[in-house]
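Spelled out from the first residue to the last, the chains are:
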Amino acid sequence: MKDILRSLVDILGERGVSNAAEELWFYARDPGVLEAHFPDYVVAPETTEQVRQVVRLANEEKIPIVPMGNGMALTGLVIPLKGGIVMDMKRMNRILEVNEKARYAVVEGGTSQGALKAYLQDHHPQLRHSLPDAPPTTTIAANVSLHGQGRLTQQYGFNSDMVTGLEVVLPTGEVCKIGSPSLGPYWFSKGPTLPDLSGLFLGWLGTTGIFTKVGLKLYPNKKIRDVEIFVTDRVDLVPDIIYKLTHLEMLEDINAWFQPRPLMFKDNYHITMYFTGDTEEEVEFKRKMIWDSLEEFIVAKDGGFMGVGYMKPMLLEMPQRGIAAFADVPRGGGFEYSGPITLIEHYPDYALKVMELAEKYEVIYSSAARVVSGGHSMMFSISFAFNRADAAMMERVKKALDEATEFALEKGGIPWKPNYKEQRMTLEKLDPNTLKLLQMVKRNLDPNGIMNPGNWEVS
Amino acid sequence: MAYVRSIEHADIVHRCFRCGYCKFPSDYVDFNCPSHKAFGWDTFSSGGRMWLIRAWLSGEIETSPRFAQILFSCVACGNCEAQCVYPRFKDFLLNIFEETKSELVDEGKIPPTVRDYFKAITVNGNPYKLPQDKRGEWSEGMGIEEFSGQEYLFYVGCVGSYDEVGREMARSVGKLLKDLGVSFGILGAEETCDGNEVKVLGEKGLFTALAEENIIKFKAKGVKKIVTLDPHALNVFRREYPKLGGAFQVRHYTEVVADAIGGGRTSFGPLKTRVTYHDPCYLGRRNLIFEPPREVLRAVPGLDLVEMRRWAVDSFCCGGGGGNFFTDVIGTGEQSPARVRVREALETGAEVLAVACPQCAKMLVDGVKAEGIEDRLEVMDIAQLLSRAGLA
């Protein structure tokens, strides 16, 4: 039998491999509520060639392999459910190219959101990318692989829609370029006008390959960014308010949120609107349009704009540190959320469900929905904080989240970055022929079932 | 019987979300946790350590050489404390790491270099295993007086007393203080280790003994004000000695120099050179002294002060903190902090990398050598730079 550790060291060097108890313990879990599963090895490649060789070895030896960014999906997607190798991608963090005029960047598969943000500020201040509100250590590749969202999702869609090309190591060890980079040196299109093969990888949660390079669309970085918050106590009006706002086609981002703490926010629904401009005149014009669009709700005394004042720096911060701080509300270092993608018109039903679940399971909630693509859908986050030292509370959060996913599926929603249990629930509900198609794709790409097994397990 | 593990802040360790903000500077340009940068595993970041400490306290993992390496490679630079998003938790990150190291010390399961460091301090009073009477040798022929009630005690510390680079720096600073007319004296062969690294490495008993000895000595000699060469000494004098009854007015030499030259009282000759300044962690992030060193540098006509990408509160440690200057648990290699830092300095186009700490000086001199850029970047203490400029 092959000495796997020796083989991995041959590929990656001593610094790139560990089977020490400390690394195995740490990489067995993520910050969410799911139980740990220990890997046998942890590896950290620095080149595509190293990734290719490790994957080829894993495929030959039928060893599970789990790619990992920063592990902040919170839904256990990097937990090695069947052991094997966890591949920490963060050492592959070079920004390889920015095409200023074509507005795209090409980054390695472990590049963090924060690093790209800083790089653009330094070298291309007129450009930006759709930065998620996850901590800046999260990686661009992981974000697009799970259809993540960001600050520009309202305008331009899921961050995975912004991919302009991929380099993927297939489960059988081939390095495959997707989109325009498969034909030449440019990374401007992930598919069109070719058949869009990126769909074989985006949304598959690392079960069909490992991203070693990602091309990503960049967007104009306007000189001025501003924010307004509209507040209503009528949840039934939230979809109408969003409809009015998206009609403007002026907003960078729209988040609808509610939370019981601090008390000033309790029983109200807040719609945060971000807008930008290159001049004060442009910004003020947009502000006027926003205010005018919601005037009818103000006249009817159904809501109004709240002063953002002291909150402004926090609201304009990217990413917002305050979001991670939610984990500490019960003084316990954790939160997890279910984030179904669904219709905005279902917002009131989801909102009521969040509060119902929080009461039923005695957990602290927070919810922030993000509008996607001008209102075609939203990501509705159902977040529960927990105290990591309180196992019973963590169990209650787990049950509340399971029930939230059941509810979302009943409502016709799609679970976002579902954990393995939510994936099973989803697959059970899936159209049989769609399921069959998924099986065909998975079996052909990953004949030995080595890639992140336990996830999107369709057979 | 199993060893019962406990640390003072055990009840809050679980509050770490391992979100990773602690790995970065405030604008996320690169990983700013030196041990994470050097080893490349999440276990070597603050969040990784915190989670492992929790597992260790609960018995899920055992004390091991790897666990000790993870703990003792922390350079205590304080970046995690500066960047952590959890108020009322962030203030205790470094305490938790120190308390855990202290437990390992009690268990007797520490890296050999840490053990050797403690032994050298205990036996010789310094980590270099050199005789006590050589401690004041750096000042020979300079006409620097023994302390006898002058305004300041100039405390030099182990590195300034024994290390070649440190001694050169001590001489430059001593001369500068003299030239500026600062009233000061030294302890010379009577000086003993300040204990900063001993404390950070978790040897509480030894630290208390050193600190109490120093406090008694300082008080007996009538010391009221101390000017330190080494920011590490400044840190422990300012933050830890008062807890043991040793409250002195403690300043770093750059603060004293900045005051002495302020308002144009002293001027320097021109020095046409481009300089970038490395913030020592114990001066900058840990004690918020950012401006005085820069003020001093800006006082030199012709000197072009440029900042590195990471500076002030976002500065990247040289890798010498947390006792690693002596123990080198963090190790060498392309991603070692000193090498990363000198590459960053080079990117500014500077010819001189200015420092204000003898430990940083030595680490960065070694970094320059390891990178093979001696002909492009010179590491100089601020006092050495001023000496090159000369008093006008």
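Since the structure is predicted, the reported quantities are computational estimates derived from the model, not experimental observations.

S.K.: Summarise the overall build of chain A; cite the residues concerned and give the values.
M.R.: The helix and strand tally for chain A stands at 15 helices and 20 strands. Dimensions along the principal axes, computed over C-alpha positions, put chain A at roughly 75 × 55 × 45 Å. When burial is assessed residue by residue, chain A has 52% of its 459 residues classed as buried. Put simply, 68% of the contacts in chain A that link residues at least 6 apart link residues at least 24 apart.

S.K.: Could you give an account of the domain arrangement of chain B, with specific residues and numbers?
M.R.: Residues and elements named next belong to chain B. For chain B, the assigned domains read domain 1 (10-110), domain 2 (125-258) and domain 3 (265-389). The straight-line distance from the C-alpha centre of domain 1 to that of domain 3 is 26 Å. Contact residues are listed per partner, giving 19 residues for domain 1 and 22 residues for domain 3. The set of elements that each furnish at least two residues to the side of domain 1 that touches domain 3 consists of helix H1 (34-39), helix H3 (65-72) and helix H4 (79-83). Residues belonging to the side of domain 1 that touches domain 3 are distributed by class as follows: ten nonpolar, eight polar and one charged.

S.K.: Go over the interface of chain A and chain B, please, and point to the residues and values.
M.R.: Across the contact, 33 residues belong to chain A and 31 residues belong to chain B. Breaking the side of chain A that touches chain B down by element, the ones donating at least two residues are helix H2 (21-26), helix H4 (113-123), helix H11 (321-325) and strand E16 (333-338) of chain A. For the side of chain A that touches chain B, the residue count by class is 15 nonpolar, eight polar and ten charged.

S.K.: So what's going on with the domain arrangement of chain A? Which residues, and what values?
M.R.: Taken domain by domain, chain A holds domain 1 (4-88), domain 2 (95-220) and domain 3 (224-410). Measuring from the centre of the C-alpha atoms in domain 2 of chain A to the corresponding centre in domain 3 of chain A gives 26 Å.

S.K.: Just give me the short version of the environment of Glu428 of chain A, but keep the residues and values in it.
M.R.: Residues and elements named next belong to chain A. Its place among the elements puts Glu428 in helix H14 (residues 420-429). Judged by the 9 C-beta atoms lying within 10 Å of it, Glu428 is exposed. With 211 residues separating them along the chain, Glu428 and Lys217 place their C-alpha atoms 35 Å apart.

S.K.: Please set out the nonpolar core residue by residue, giving values where relevant.
M.R.: In this structure, Val43, Ile85, Met87 and Phe384 of chain A together with Leu353, Ala354 and Leu364 of chain B are the most contacted members of the largest nonpolar core, which totals 253 residues. It is helix H13 (residues 391-410) of chain A that contributes the most residues to this core, seven residues altogether.

S.K.: I'd love a proper account of the packing of helix H12 (residues 253-261) of chain B against helix H13 (residues 291-298) of chain B, names of residues and values included.
M.R.: A packed helix pair is summarised by two numbers, namely the angle formed by the two axes and the spacing between the axes. Residues and elements named next belong to chain B. At their nearest, the axes of H12 and H13 sit 8 Å apart, and the two run at 45 degrees to each other. For the element pair H12 / H13, the angle class is oblique. By crossing handedness, the relation of H12 to H13 is classed as left-handed. Two secondary-structure elements touch here, H12 through Thr254, Glu255, Val257, Ala258 and Ile261 and H13 through Pro292, Pro293, Glu295 and Val296. A breakdown of the residues in the contact of H12 with H13 according to their chemical character gives six nonpolar, one polar and two charged.

S.K.: Lay out the sheet that holds strand E1 (residues 152-155) of chain B in plain terms, naming residues and giving numbers.
M.R.: All names here are of chain B. Taking strand neighbours across the sheet as the criterion, the four strands line up as E2-E1-E3-E4 in an open arrangement whose pairing is parallel. In the strand order of this sheet, the two ends are held by strand E2 (184-185) and strand E4 (249-252), each with one partner. In this sheet, strand E3 (residues 225-228) lies alongside E1 in parallel orientation, the contact comprising four bridges. The partner of Leu153 across the bridge, within E3, is Ile226. Taken strand by strand, helix H11 (residues 231-239) contacts E1, E3 and E4, and its axis lies near 160 degrees from that of E4.

S.K.: Before we move on, can you summarise the pairing of strand E19 (residues 377-380) of chain A with the specific residues and values?
M.R.: Residue and element names in this part refer to chain A. Residue alternation in E19 divides its side chains into two sets, Ser377 and Met379 and Met378 and Phe380, and both sets are buried. In this structure, strand E17 (residues 341-342) lies alongside E19, joined through two bridges in antiparallel fashion. Counterpart to Ile341 in the pairing with E19 is Met379. With four bridges connecting them, strand E18 (residues 364-372) and E19 associate as antiparallel partners. Looking at the pairing, Val371 lines up with Met378 of E19. From the end of E18 to the start of E19, which pair antiparallel, there are four residues, and Ser373 there has a positive phi angle of about 50 degrees.

Cut-offs used in this document
- Residues numbered from 1 in each chain as written.
- Chains lettered and ligands numbered in written order.
- Predicted model: local features only at pLDDT ≥ 70, side-chain atom pairs only at ≥ 80, totals over all residues.
- Helix = DSSP H or I, 4+ residues; strand = E, 2+ residues; numbered from the N terminus.
- Buried ≥ 20, exposed ≤ 12 C-beta atoms within 10 Å, placed from the backbone.
- Contact = placed C-beta atoms within 7 Å.
- Domains from an automatic or database assignment.
- Nonpolar A, V, L, I, M, F, W, Y, C, P; charged D, E, K, R; others polar.
- Core = buried A, V, L, I, M, F, W, Y, C linked by C-beta atoms within 7 Å.
- Axes fitted to C-alpha atoms, helices over the stretch in contact; angles between N-to-C directions.
- Parallel < 35°, antiparallel > 145°, perpendicular 65-115°, else oblique.
- Left-handed = near helix turned anticlockwise from the far one by under 90°.
- Pairing = 2+ DSSP bridges.

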